[in-house]
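Summary of structural features
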Amino acid sequence: MLDGIDFTVEQGESVGVVGASGGGKSTLLKVISGLYETYEGEVAIGGARAPSERLTLTAMVMQSAALFPSSIRENITCGHDMPDEVILHACETALLSGWIATLPDGLDTFVGERGGQVSGGQAQRIAIARAIAKDAPVILLDEPTSALDGETGAAVIAAITGLTRGKTVLHVSHQADMLSGCSRVYRLVDGRLSEVWHDE
C-alpha cells in the first residue's frame, strides 16, 4: 500500500524509483497512469486529473510484455488507425525492422497466444514500438529488462533510449544501477518515498 506519496516530475525529466520486489513500485505507476482509480489524494499530468485523461498521456512498458494473440502490426496499433510510416518508424526506433524483414508475413506475422511465438526480447521490443507509436508525453518503465539475459537486455535498453528521447520518464527498478541515467532517484520502502539521489 502506498502512503503519503508526494512528488513532482518536471516536463522532460527522468526520475527513478528503487525498491524491493512487491514494495509498491508497479502500483505507483498504475496509479499515475490511471489504471488504478482507488486512492486518496490527487494525481495530475499537466492539467489532466481524470484517470481516463491520464491513460491517454502515458505509455507503459512492463517487466513482461503483454501481447495480444494477433499480428505484430495490431500489437503496435492496438486496433487504432495508424499510418504505415508511423508503424515503420516505431519498429525502426525499437530495433525491430531487421527481424521483421526476415519474416515471410512481415508486420502481419502472428505473435501467438500471449506472444508465445516470439522471444522475450522481441516481445519487449514490440511493446516498446507500441509505446513509441502512441507518442505519449509520459513514459512509465516497470523493470523492462529484468526478465531478459544480458545481450537481449542490452538491445531492449537501446530501444528504450529511442522511446524515451525528449519524454518525461518515471523508471522503477529493484536495481539502483538501472537508474543511473535519472536526474533524481527515490527509494520506496513500506509504501513511502524518500529521495536518495539528486543531480545537482
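Attention in this report is confined to the structure presented alongside it.

1. Some words on unusual backbone geometry
Excluding glycine, residues mostly have negative phi values, and the peptide bonds linking residues are mostly trans. In this structure, Cys78 is a non-glycine residue whose phi angle is positive, near 55°. On the secondary structure map, Cys78 appears in the loop between helix H3 (72-77) and helix H4 (84-93). Judged by its relative accessible area of 34%, Cys78 is partly exposed. With a phi angle near 55°, Asp190 is a residue other than glycine that sits in the positive phi range.

2. What about the packing of H4 against helix H6 (residues 120-134)?
Running from N to C, H4 and H6 cross one another at 130°; their axes reach a closest spacing of 8 Å. Classified by the angle their axes make, H4 and H6 are oblique. Crossing geometry of H4 relative to H6 is assigned as right-handed. Contacts between H4 and H6 involve Val86, His89, Ala90, Cys91 and Thr93 from the first element and Ala129, Ile132 and Ala133 from the second. For the contact of H4 with H6, the class distribution of residues is six nonpolar, two polar and no charged.

3. A closer look at the side chain of Arg184
Following the sequence through the fold, Arg184 ends up in strand S5 (residues 184-189). The class for Arg184 is buried, based on a relative accessible area of 9%. Within the structure, the side chain of Arg184 is placed 2.5 Å from the side chain of Tyr186, a separation counted as a polar contact. Every residue in contact with Arg184, bar those within four places of it in the chain, is listed here: Thr8, Val9, Glu10, Glu13, Ser14, Val15, Gly16, Glu195, Trp197 and His198.

About the cut-offs
Residues numbered from 1 in each chain as written. Predicted model: local features only at pLDDT ≥ 70, side-chain atom pairs only at ≥ 80, totals over all residues. Heavy atoms only, no water. Helix = DSSP H or I, 4+ residues; strand = E, 2+ residues; numbered from the N terminus. Buried < 20%, exposed > 50% of the residue type's maximum accessible area, 1.4 Å probe, protein only. Axes fitted to C-alpha atoms, helices over the stretch in contact; angles between N-to-C directions. Parallel < 35°, antiparallel > 145°, perpendicular 65-115°, else oblique. Left-handed = near helix turned anticlockwise from the far one by under 90°. Contact = heavy atoms within 4.5 Å. Nonpolar A, V, L, I, M, F, W, Y, C, P; charged D, E, K, R; others polar. Polar contact = N/O pair within 3.5 Å; in protein donor to acceptor, adjacent residues only side chain to side chain.

Nothing here speaks to function; it is all geometry.
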